[in-house]
Amino acid sequence: MLPTIERQPDAVVMIDQRKLPAQEVYVHCKTANEVAKAIKTMVIRGAPAIGVAAAYGIALGMQKSKAQGTREFAVEFNKLCELMAGTRPTAVNLFWAIGQMKKVFAAGVQAGESVEELKARLNAEAQKIHDDDVASCQAMGRFGAEVVPPNARILTHCNAGALATAGYGTALGVIRAAAEQGKVQGVFADETRPFLQGARLTAWELVRDHIPTTVITESMAGPLMRDGKIDFIVVGADRIAANGDFANKIGTYTVAMMAKAHGVPFYVAAPLSTIDLNTPDGGAIPIEERNRREVTHVGSTQVAPDAASVWNPAFDVTPHALVSGIITERGICRAPFDQSLAALFR
Ligand code: MRU
């Protein structure tokens, strides 16, 4: 499996996803600030992966704390949680992971633990978030593979693979599991402008796994569906609202509309940590806007004039009516999603 992120005694190490596929370079973050910067600048990206990174970043920062007593330690802990929460707004996994760290911290304080015991607790929780995410992806793969038709030509958007998680992937986990069962004829990877997660990362992962892969630009997905060349679509999610509306990489909405128009099954694969029952519907999901340069330039080449304005939302919202099913580690949710999603947490 791909080493997306790893905790070492003195650092959090991650593959630099900005440099793939041309270079495989690892970034060693030695402080919580460096981890936060890595999340913000997309060294690591993908909803579950940034949750894991935030948890490791908090554990690393607290490990290095020189606080003498639990009160001082708690002040530092809350600052680090705030630092991580300020990195990216849309993927709820980030806030979920910070919430998990806060819960175990509070339990340790409640139990009267020492600073050293609290440090151990935070390290263990971050590791657990990492390990649980891999297990969830594998479970999603097992459930999802069941709904992939035989000999499927699958389309996916962005990267919801091993690189976007602690390993194996959500949407790519489903594709990997289906491929292991001999059900996949090939995968179309949308290039995913402007950051090119599909062309650079998804294609890189699939090719490494010897799964036949064709890279297309977003505008090519519609004609492929019209010509009956896509049998199944699976994407990841950054936040799923209580009614089943979900945010994912910009362009997902257009793919879902095309799928509806052409009768292609459209599935979302995401762990429970992506489901946010406190957000009632897609309209309440905060959408990150990123800098203009991602749109005006491809690498170092300028492709738009300086005087042009740019709109660069990193995500869009797909209404639940366009979704065939939501694949989770506990099974597949179907409409009505407000009921099936709520049932997962009971
Ligand atoms: O901006 P990114 O690259 O972090 O966006 C990633 C996506 O939109 C993924 O599809 C999503 O996080 C699901 S990852 C399993």
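Per chain, residue numbering runs from 1 following the sequence as it is written. Owing to the predicted nature of the model, reporting of local features is limited to residues with pLDDT of at least 70; listing and counting of side-chain atom pairs is limited to 80 or more, with chain, interface and lining totals taken over all residues. Side-chain measures here rest on the full set of heavy atoms in the structure, leaving out hydrogens and waters.

**With respect to the sheet that holds strand 6 (residues 213-216)**
Strand pairing requires that DSSP identify at least two bridges connecting the strands. Numbering of helices and strands runs from the N terminus; a helix is a DSSP stretch of H or I covering at least four residues, while a strand is a stretch of E covering at least two. Read across the open sheet, the 7 strands follow the order 6-5-4-7-10-15-16; overall the sheet is mixed. A strand with exactly one partner marks an edge of an open sheet, and here the two such strands are strand 6 and strand 16 (331-333). On average, adjacent strands in this sheet sit at an angle of 25° to one another, irrespective of strand direction. Pairing geometry for strand 15 (residues 325-328) and strand 16, over 3 bridges, is antiparallel. Along strand 16, the bridge assignment pairs Ile326 with Cys333. By definition in these notes, contact holds between two residues if any of their heavy atoms fall within 4.5 Å. Lines fitted to C-alpha atoms define the axes, with helix axes restricted to the stretch in contact, and inter-axis angles between N-to-C directions lie between 0 and 180 degrees. Packed on one face of the sheet, helix 5 (residues 115-147) meets strand 7 (232-235), strand 10 (266-269), strand 15 and strand 16 and runs near 145° to strand 15.

**Let's talk about the pairing of strand 4 (residues 152-156)**
Most of strand 4 is tucked away: 4 of the 5 residues are buried. The sheet contact formed by strand 4 and strand 5 (residues 184-190) spans 5 bridges and is parallel. What sits directly across from Thr156, in strand 5, is Ala189. Handedness of the crossover is the feature at issue here: the chain leaves strand 4, passes through helix 6 (residues 171-180), returns alongside strand 5, and the resulting connection is right-handed. For the exposure calls, accessible area comes from a 1.4 Å probe over protein chains only, and a residue counts as buried if that area is under 20% of its type's maximum, exposed if over 50%, partly exposed in between. Handedness is read with the strands pointing away from the viewer; a crossover is right-handed when the path from the first strand over the helix to the second is clockwise.

**Quick word on the sheet that holds strand 11 (residues 275-276)**
Strand order in the open sheet formed by 4 strands is 11-8-9-14, and the pairing between neighbours is mixed. Only two strands of the sheet have a single neighbouring strand rather than two, namely strand 11 and strand 14 (315-318). This element, helix 9 (residues 252-262), spans strand 9 (246-249) and strand 14 of the sheet and lies at about 30° to strand 14.

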